[in-house]
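Summary of the model geometry
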Amino acid sequence: MTATQGSQALDEITDWAYAPAPQATDVVSIAPENGLFIGGEFAPAADGRQFATVNPATEEPLAQVAEAGQADVDRAVAAATAAYEQVWQPMPGRERAKYLYRIARIIQERAREFAVLESLDNGKPIRESRDVDVPLAAAHFFYYAGWADKLEYAGLGPAPRPLGVAGQVIPWNFPLLMAAWKLAPALAAGNTCVLKPAETTPLTALLLAEVGQQAGLPPGVVNVLTGDGAAGAALVAHPGVRKVAFTGSTEVGKAIARTVAGTGKKLTLELGGKAANIVFDDAPVDQAVEGIVGGIFFNQGHVCCAGSRLLVQESVAEAVLDRLRRRMTTLRLGDPLDKNTDVGAINSRVQLDKIRELSDSGEQEGAERWSPPCQLPERGFWFPPTIFTGVSQSHRIAREEIFGPVLSVLTFRTPEEAVAKANNTPYGLSAGIWTDKGSRILWLASRLRAGVVWAGTFNKFDPASPFGGYRESGYGREGGRHGLAAYLDA
Ligand code: NDP
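Residues numbered from 1 in each chain as written. Predicted model: local features only at pLDDT ≥ 70, side-chain atom pairs only at ≥ 80, totals over all residues. Heavy atoms only, no water.

Per the counting criterion, the structure on display carries 25 salt bridges. Note that Arg127 is salt-bridged to Asp342, the shortest N-O span being 2.7 Å. With Arg127 in helix α5 (residues 126-147) and Asp342 in the loop between α11 (317-328) and α12 (349-364), this residue pair connects regions lying 215 residues apart in the sequence. The class of Arg127 is partly exposed, set by a relative accessible area of 30%. Judged by its relative accessible area of 11%, Asp342 falls in the buried class. With a closest N to O distance of 3.0 Å, Asp282 and Lys437 form a salt bridge. (Salt bridge = Lys/Arg side-chain N within 4 Å of Asp/Glu carboxyl O. Helix = DSSP H or I, 4+ residues; strand = E, 2+ residues; numbered from the N terminus. Buried < 20%, exposed > 50% of the residue type's maximum accessible area, 1.4 Å probe, protein only.)

Next comes the structure, spelled out in structure tokens:
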């Protein structure tokens, strides 16, 4: 081979693309029309209303879904109340545990079906739904099954009692996983549930309801009301609901807090965030870059605890950004059902418009925008992985939750400045630290006003670990022993 041939071969190697690796969709069958799940049965909404759920990667409708109204909320709460009083609350914890274990195992058995359905309805890459969302959802049920017969040893009093009916409203970014986060501790503690999934991602919650049927869960213990924000509002306001759990935007969280105030209902809110991912000059750069990429581009940045503000020490900023840009050019954006895809579709047009608007404001306010060369599919909702440099703390992109694959980069010189900048946000959900020094991690972690602080990693979840925020990121904890407290009257 001549030198010229050699360099041609190298060009070909650096140009090569992955062959398509499509995930088959025939493991899933989506009914054209889907009812509400009330009292153990699927049924249309009382007034027959429906809405379409679409595949955000193609904009094609996937199915029609029943739209719950006030009458349906009343019926679901009545079913959950009857199940609470007659079956679930009197049942010994060890018996409740069996149902939770069964649900966990069935999720594992039907894992591929859940993963494909989640990627179709949400737009997230199959690699993530298959390797993160579904296994973690099963893990949550396994974990809380273990608590169901040990509640008196949870450190929450000698005889903690369940609260009654839990009204649970969840968002579209992790539809199945958020359903698991809500249902598993509530059921383990002896409560019954009415769950309202997000309008754009109702399908895996309905499949989970079917899994409940398959596990023989007594009718009314779990009810699923698909619908819009009005159904969520009616649910949290219902007098029969004794506990409200919400994950979503800070704005809606505040509205719910106002509704619930003075009613005696127990409330947990898991709201937005604007996490700082802090990289010091002694950090292992390659690992930090992986952590930055995972922190903001995982799930298209639709993550409440996303590391959406990169704080990098000034002396290494150029080197880190250089490697970050290089790493970003290797991210593959496209078909969520391709097993090689790293960045999938934005969940809805509304969310895409919000990301575009905030990104445009970044440019208008003087920050510099950069995305790797990448071709966006013609149909569907897409936004390229993007970083902004030259960001100042007053910019909207440094203050507001973008909830998309957009990273705002700021620099700092001293650890004190890193702390001040990291805490300069109304939120307080999460933070990340990248340094070689353990003492610095401890020094920093105790000064960061965030519910979760990761060191040397980011977006790491475990059912045994409590998760939740401060200030505008909400209150209460989900996961771990702490997650039980929200569902017990101790
Ligand atoms: P919302 O807070 O509006 O939605 C979350 C859930 O609440 C959905 O099920 C929604 O129903 C329901 N809901 C909406 N209004 C009410 C109400 N008044 N009372 C009770 N429930 C209600 O989030 P969006 O989907 O509109 O997203 C907006 C922004 O919120 C995003 O851009 C992002 O910044 C942030 N967000 C943060 C999340 C987090 O985990 N921290 C998760 C999702 C969004 P429906 O789907 O019909 O609107």
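Moving on from the model shown.
Attention shifts here to unusual backbone geometry. Positive phi, normally seen in glycine, also occurs at Glu59, with a value near 65°. As for its placement among the helices and strands, Glu59 is situated in the loop between β4 (50-55) and β5 (60-66). The exposure class assigned to Glu59 is partly exposed, which follows from its relative accessible area of 27%. The backbone of Asn299 shows a phi angle near 55°, a positive value even though the residue is not glycine. Within the element layout of this structure, Asn299 appears in the loop between α10 (285-297) and β13 (309-313). Classification of Asn299 as buried rests on a relative accessible area of 0%.

By domain assignment, the protein chain separates into domain 1 (20-271 + 473-487) and domain 2 (276-462). Computed from C-alpha coordinates alone, the two centres of domain 1 and domain 2 are separated by 29 Å. Counting residues at the interface gives 36 residues for domain 1, matched by 31 residues for domain 2. At the boundary of domain 1 with domain 2, total buried surface from both sides reaches about 2900 Å², with 56% on carbon and sulfur atoms. (Domains from an automatic or database assignment. Contact = heavy atoms within 4.5 Å. Buried area = accessible area lost by both parts, 1.4 Å probe.)

What follows deals with the nonpolar core. Formed by 107 residues in total, the largest nonpolar core has its most connected members in Phe141, Leu208, Val279, Leu310 and Leu324. A total of 11 residues in this core trace back to one element, the largest contributor, which is helix α6 (residues 175-188). Counting the residues that make up this core, at least three belong to each of domain 1 (20-271 + 473-487) and domain 2 (276-462). Excluding residues that lie within four positions of it along the chain, Leu208 makes contacts with Ile103, Ile107, Phe114, Phe141, Leu176, Ala179 and Leu183. Residues Leu311, Ile355, Phe381 and Ala422 belong to the second largest nonpolar core, which totals 27 residues. (Core = buried A, V, L, I, M, F, W, Y, C linked by side-chain atoms within 4.5 Å.)

Quick look at the sheet that holds β4 now. Spatial strand order, β1-β5-β4: 3 strands in an open sheet with mixed pairing. Two strands in the sheet have a free side with no partner beyond their single neighbour: β1 (33-34) and β4. Here β4 pairs with β5 via 6 bridges, running antiparallel. Paired with Val54 across the strands is Pro61, a residue of β5. Across the sheet, helix α7 (residues 203-214) lies against β1, β4 and β5, angled at about 55° from β5, the strand it touches most. (Pairing = 2+ DSSP bridges. Axes fitted to C-alpha atoms, helices over the stretch in contact; angles between N-to-C directions.)

Okay, the environment of Val320 next. Following the sequence through the fold, Val320 ends up in helix α11. Val320 gets classed as buried once you look at its relative accessible area, which sits at 1%. In this structure the C-alpha to C-alpha distance between Val320 and Asp281, which are 39 residues apart in sequence, comes to 9.4 Å.

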